[in-house]
Amino acid sequence: MAAAMELRCWGGDWGLPSVHTDSLVVLAYAKFSGAKLTVSPVDWTWKTLTATVPELVCGDSVVQEPTQILNFLRKRRLNADYELTARQGADTMAYIALLEEKLRPALLHTFWVDAENYSNLTRPWFASRSPFPLNFFVPSRLASVALARILVTKGEGLLHRISEVEGKIYSDAKECLNLLSYRLGTANYFFDNSPTSLDAFVFGFLAPLHKADLASSPLQSHLRQLDNLTRFCDNILAAHFSADKPYG
């Protein structure tokens with residue numbers, strides 16, 4: 001009998017099964033591929049400041065990072081991409097790279113660097129899901145990691161100020177959203193009528209931006225002008241997560 005699979009991830013809110021991009025990617029792909037996961041959200045029993053989520057535990061195997069988790073599931077014949085052509089597979093890799101390079105820095109800035117959003121939404125949310133005394137340290141550590149990742153992704157040294165690259169971050173992100181909107185068009189998914197790993201990644205990146213109650217976000221305003229992308233997120237939630245319990 002196949003070993004049970006447990007996914008440790010940040011939990012849900014804002015009408016989402018998780019508020020965390022990488023956790024959402026894995027949760028969506030699991031739905032698309034038919035993987036049966038036991039989901040264990042981070043809660044007061046968490047005892048480490050440096051744990052990486054999402055984390056998939058299956059028997060003696062512990063796998064982290066969305067790409068590695070998806071590869072692990074594919075090896076167990078849980079493959080949402082099995083009908084893709086070689087060209088579509090190459091396009092998938094290219095668009096995921098685009099998301100990482102162009103959109104992730106802006107998302108990190110929106111939630112973790114923008115002072116108003118961090119103080120009013122991000123920090124209170126993650127602190128409330130972390131155990132004492134880690135609730136005092138987890139949000140600030142995640143914010144530091146986010147800032148460092150933005151600067152590294154943008155090819156800037158850690159001694160640079162974020163204000164020096166902020167404009168470029170958001171212009172790149174808006175361009176990325178426009179490209180995604182054009183590629184999706186009027187379709188339900190990016191390749192034909194079945195969701196694939198690309199849909200999981202796009203959903204994971206867009207859904208928190210779409211659903212969060214942000215005090216300040218030009219990027220959220222831009223996304224909401226792209227009706228097909230917000231509809232894409234809403235359709236995935238309705239088709240694949242509506243049977244789950246409400247999230248926030």
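Anyway, here's the lowdown on the structure attached to this text. (Residues numbered from 1 in each chain as written. Predicted model: local features only at pLDDT ≥ 70, side-chain atom pairs only at ≥ 80, totals over all residues. Heavy atoms only, no water.)

### Describing the sheet that holds strand β4 (residues 61–64)
Adjacent strands of a sheet pair through backbone hydrogen bonds, lying either parallel or antiparallel. One open sheet holds the four strands; their spatial order is β2-β1-β3-β4, and the pairing between them is mixed. Every other strand in the sheet has two partners, leaving β2 (37–41) and β4 as the edge strands with one partner each. Shown here is a sheet whose adjacent strand axes are inclined to one another by a mean of 20°, direction ignored. Judged from the four bridges that link them, strand β3 (residues 55–58) and β4 form a sheet pairing that is antiparallel. Opposite L56, over in β4, you have V63 as the bridge partner. Packed onto the sheet, helix α1 (residues 21–33) meets β1 (5–9) and β2 and runs at close to 150° relative to β1. Relative to the sheet, helix α2 (residues 66–75) contacts β1, β3 and β4, its axis offset from that of β4 by approximately 135°. (Pairing = 2+ DSSP bridges. Helix = DSSP H or I, 4+ residues; strand = E, 2+ residues; numbered from the N terminus. Axes fitted to C-alpha atoms, helices over the stretch in contact; angles between N-to-C directions. Contact = heavy atoms within 4.5 Å.)

### Describing the pattern of salt bridges
Enumeration over the complete set of coordinates arrives at eleven salt bridges. Linking D91 and R87 is a salt bridge whose minimum nitrogen-to-oxygen distance equals 3.4 Å. You can see D91 and its partner R87 sitting in helix α3 (residues 86–113), four residues apart, about one turn around the helix. Residue classification places R87 among the exposed residues on the basis of a relative accessible area of 61%. (Salt bridge = Lys/Arg side-chain N within 4 Å of Asp/Glu carboxyl O. Buried < 20%, exposed > 50% of the residue type's maximum accessible area, 1.4 Å probe, protein only.)

### Points about the pairing of β2
Pairing of β1 with β2 involves five bridges; the strand directions are parallel. Each residue of the ladder has a partner; that of R8, found in β2, is S40.

### Considerations on the nonpolar core
Ranked by internal contacts, the top residues of the largest apolar core, which has 79 residues, are L103, F203, L219 and F232. Take this core: its biggest share by element is ten residues, from α3. (Core = buried A, V, L, I, M, F, W, Y, C linked by side-chain atoms within 4.5 Å.)

### A short note on unusual backbone geometry
Even without glycine at this site, E65 takes up a positive phi of about 75°. Locating E65 in the fold gives a position in the loop between β4 and α2. Of the residues examined, E65 reaches a relative accessible area of 42% and is grouped as partly exposed. You will see that D192, though not glycine, has its phi angle at about 60°, which is positive. Looking at the element boundaries, D192 is found in the loop between α6 (166–184) and α7 (197–211).

### So, the pairing of β3
The two faces of a sheet get side chains in turn, since along a regular strand they alternate between them. Here β3 shows a buried face lined by E55 and V57 and a second buried face lined by L56 and C58. The pairing of β1 with β3 spans four bridges and is classified as antiparallel. Residue R8 lies in a different strand from β3, and its bridge partner there is E55. Between the antiparallel neighbours β3 and β4 lie two residues, among them G59 with a positive phi of about 60°.

### Considerations on helix α9 (residues 227–241)
Helix length check: α9 (15 residues) gives 20 Å between terminal C-alpha atoms against 21 Å at 1.5 Å per residue, within 8%. The set of residues buried in α9 consists of N228, L229, T230, F232, C233, I236, L237 and F241. Of the surrounding secondary structure, the elements contacted by the buried residues of α9 are α1, α6, α7 and α8 (218–224). (Expected span 1.5 Å × (residues − 1).)

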